[in-house]
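Descriptive analysis of the structure
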Amino acid sequence: MPFVQTGDSRTYYEQRGDGPPVVFVHAAILDHSLWDAQAEALADEYTTVVYDLRGHGRTGGSTREQYAVELLADDLHALVTGLGLDRPVVCGLSLGGLVAQSYAARYPDDLSGLVLADTFTPPILSRGEWFLRRVVLNALVYPVRLVGYERVEKANVWLTERVFRGSGGDYEQIEQLRATGPKMTTDEFAKVIHSMTRFHEERVDLAAIAVPTLVLYGEHELPFVRHHAAELAARLRDVAVDVIPDAGHASNLDAPDEFTDTVRRFLRERVALYEASE
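Residues numbered from 1 in each chain as written. Predicted model: local features only at pLDDT ≥ 70, side-chain atom pairs only at ≥ 80, totals over all residues. Heavy atoms only, no water.

The protein carries the name Pimeloyl-ACP methyl ester carboxylesterase in an unreviewed UniProt entry, which gives Halogranum gelatinilyticum as its organism.

1. Notes on the sheet that holds strand 1 (residues 3-6)
What counts is decided by this rule: Strands were regarded as paired on the criterion that DSSP finds at least two bridges between them. Helix numbering and strand numbering both begin at the N terminus, where a helix is a DSSP run of H or I of at least 4 residues and a strand a DSSP run of E of at least 2. Comment: axis = line fitted to C-alpha atoms, over the contacting stretch for helices; angle = value between 0 and 180 degrees taken between N-to-C directions.
The strand order across the open sheet formed by eight strands is 1-2-4-3-5-6-7-8, and the pairing between neighbours is mixed. A single partner strand is all that each edge strand has here, and the edge strands are strand 1 and strand 8 (239-244). For this sheet, the mean inter-axis angle between neighbouring strands, taken without regard to orientation, is 25 degrees. As judged from the five bridges shared by strand 5 (residues 89-93) and strand 6 (residues 113-117), these two strands associate in the parallel manner. Looking at strand 6, one finds that Val-89 is bridged to Gly-113.

2. Some details on the pattern of salt bridges
Selection criterion: By convention in these notes, a salt bridge is any Lys or Arg side-chain nitrogen within 4 Å of a carboxyl oxygen on Asp or Glu. The classification of residues rests on relative accessible area computed with a 1.4 Å probe and restricted to protein chains. Under 20% of the type maximum is buried, over 50% is exposed, and intermediate values are partly exposed.
If you walk through the whole model with that rule in mind, you get 14 salt bridges. Between Asp-36 and Arg-16 there is a salt bridge, with its nearest N and O atoms 3.5 Å apart. One end of the pair, Asp-36, is in helix 1 (residues 36-42); the other, Arg-16, is in strand 2 (residues 9-16), with 20 residues separating them in the sequence. Since its relative accessible area comes to 19%, Arg-16 is described here as buried. Each of Asp-8, Arg-54, Arg-64 and Asp-75 takes part in one network of salt bridges that share partners.

3. Thoughts on a nonpolar patch on the surface
Test applied: Patches were defined on residues exceeding 30% relative accessible area and lacking a salt bridge, with like-charge contacts within 9 Å and nonpolar side-chain contacts (Val, Leu, Ile, Met, Phe, Trp, Tyr) within 5 Å. Here the open area of atoms and residues is found with the Shrake-Rupley method and a 1.4 Å probe, where only the protein chains shown may cover a residue.
Taken together, the side chains of Trp-130, Phe-131 and Val-135 make up a nonpolar region of the molecular surface, amounting to roughly 290 Å² of accessible area. Structurally, Phe-131 can be placed in helix 4 (residues 127-139).

4. As for helix 3 (residues 95-106)
Our working rule: Working rule for helices: expected span equals 1.5 Å times residues minus one.
Between its first and last C-alpha, helix 3 extends 17 Å over twelve residues, near the 16 Å set by a 1.5 Å rise per residue. Summarising burial for helix 3: eleven of the twelve residues are buried, a large majority. When we look at burial in helix 3, the residues that qualify are Leu-95, Gly-96, Gly-97, Leu-98, Val-99, Ala-100, Gln-101, Ser-102, Tyr-103, Ala-104 and Ala-105.

5. Here's the deal with the packing of helix 4 against helix 8 (residues 186-197)
Operational definition: Here the angle decides the label: under 35 degrees means roughly parallel, over 145 means roughly antiparallel, 65 to 115 means roughly perpendicular, and every other value means oblique. Residue contacts are defined here by distance: any two heavy atoms, one from each residue, within 4.5 Å place the two residues in contact. Classification used: nonpolar for Ala, Val, Leu, Ile, Met, Phe, Trp, Tyr, Cys and Pro, charged for Asp, Glu, Lys and Arg, polar for all others including Gly.
With their axes 9 Å apart at the nearest point, helix 4 and helix 8 run at an angle of 170 degrees to one another. Between helix 4 and helix 8, the angle falls in the class roughly antiparallel. Facing helix 4, whose interface residues are Arg-133, Arg-134, Leu-137 and Asn-138, helix 8 presents Ile-193, His-194 and Thr-197. For the contact of helix 4 with helix 8, the per-class residue count stands at two nonpolar, three polar and two charged.

6. A few points about the pairing of strand 4 (residues 47-51)
Within a regular strand, the side chains alternate between the two sheet faces. Threshold: By the criterion used throughout, a crossover qualifies as right-handed when its path from the first strand across the helix to the second strand runs clockwise, the strands pointing away from the viewer.
In terms of residue burial, strand 4 counts as a mostly covered element, since five of its five residues are buried. Alternating residues of strand 4 divide into Thr-47, Val-49 and Tyr-51 and Thr-48 and Val-50, and every residue in both groups is buried. Alignment of strand 2 against strand 4, held across four bridges, turns out to be antiparallel. Residue pairing across strands places Glu-14 opposite Val-50, the latter belonging to strand 4. With four bridges connecting them, strand 3 (residues 21-25) and strand 4 associate as parallel partners. Counted as the bridge partner of Phe-24 is Val-50 from strand 4. Each parallel crossover has a hand, and for strand 3 linked through helix 1 to strand 4 it is right-handed.

7. Topic: the packing of helix 2 (residues 69-82) against helix 3
Between helix 2 and helix 3, the least distance of the axes is 8 Å, while the angle of their chain directions is 70 degrees. On the basis of the axis angle, helix 2 is roughly perpendicular to helix 3. For the pair helix 2 and helix 3, contact is made by Val-69, Glu-70, Leu-72, Ala-73, Asp-74, Leu-76, His-77 and Val-80 and by Leu-95, Leu-98, Val-99, Ser-102, Tyr-103 and Arg-106, respectively. For the contact of helix 2 with helix 3, the class distribution of residues is nine nonpolar, two polar and three charged.

8. A look at the environment of Thr-262
Cut-off, in case you're wondering: Distance and chemistry together define a polar contact, namely a pair of N or O atoms within 3.5 Å, with one atom able to donate a hydrogen and the other to accept it when in protein, and with adjacent residues in sequence counting only for side-chain atoms on both sides.
For Thr-262, the location among the structural elements is in helix 11 (residues 256-277). By relative accessible area, Thr-262 is classed as buried at 4%. Between the C-alpha atoms of Thr-262 and His-194, which are 68 residues apart in sequence, the distance is 32 Å. Those residues in contact with Thr-262 that lie beyond four places of it in its chain are Leu-214, Leu-216, Asp-242 and Ile-244. From its side chain, Thr-262 meets the backbone oxygen of Glu-258 in a polar contact 2.8 Å long. Within the structure, Thr-262 has its side chain in polar contact with the side chain of Arg-265 (distance 3.3 Å).

9. Comments concerning the packing of aromatic side chains
Convention followed: Geometry of aromatic contacts follows a simple scheme: Phe, Tyr and Trp rings, the Trp one being its six-membered ring, pair when their centres are within 6.5 Å, and the pair is stacked under 30 degrees between planes, edge-to-face over 60, tilted otherwise. A ring has a charge above it when a Lys NZ or an Arg CZ is no more than 6 Å from the ring centre and no more than 35 degrees off the ring normal.
Counted under the stated rule, the structure contains six aromatic pairs. An aromatic cluster is built from Phe-24, Trp-35 and Phe-259, whose rings are joined through pairwise contacts. In this arrangement the basic side chain of Arg-10 is found over the ring face of Phe-3, its NZ or CZ atom lying 4.5 Å from the centre. Residue placement shows Arg-58 over the ring face of Tyr-12; its charged tip is 5.0 Å from the ring centre.

Next comes the structure, spelled out in structure tokens:
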């Protein structure tokens, strides 16, 4: 199996196709397979790379006591460097979107485009969001230690659906992906969740990001994520925002063809124009 050294961990990756590189960064508590449909479809024109974040999938955990999104962004930089990818487009969803924007701000000359899907950015915009990100997410760790993250997340999705119908999308697809991949340890779950709850404390200089950026979110996404899409649109230099119809938080799974077509148009038009002007 292919691995590349990323700091103090060995990161599992898969590569397809030939052409300009596109690297996909998956959501929390999943693995690279989240992006299989997009990586396979876009490999007709691009070199697509998917990988397992630290603590996830075949990459597995590490002896560090805690994680930060900055660390995951540095892992991504080591992956890009180790594979010799020349200024890839980076596409991240949810936690992957946090990693992608952190990477773009820390290494602004090392990418040619950015896709941020169903994600948020450092400012906490409301009391409700503060409660969700700082209290609810952290509170998941204890029950996960008792009954496992699959049961806890399923219950959380069920409760969220009662208030924000459609936000969970086709959750059965998430369960199917988890059933085929390596299980995550509770300690790694805790470190990953805590990195997300502390993301607002990290300095992400969005003004440093000059590359074209596409912000995507599902039609039925949670309100705070939609608000962050507007925040990103207001703060990034070269940005477009699009909504994926009939999709929830995992919009690339709920509407894979629409998601892929939207990203392909962005790559062919906005990114290609940017590279031609360089």
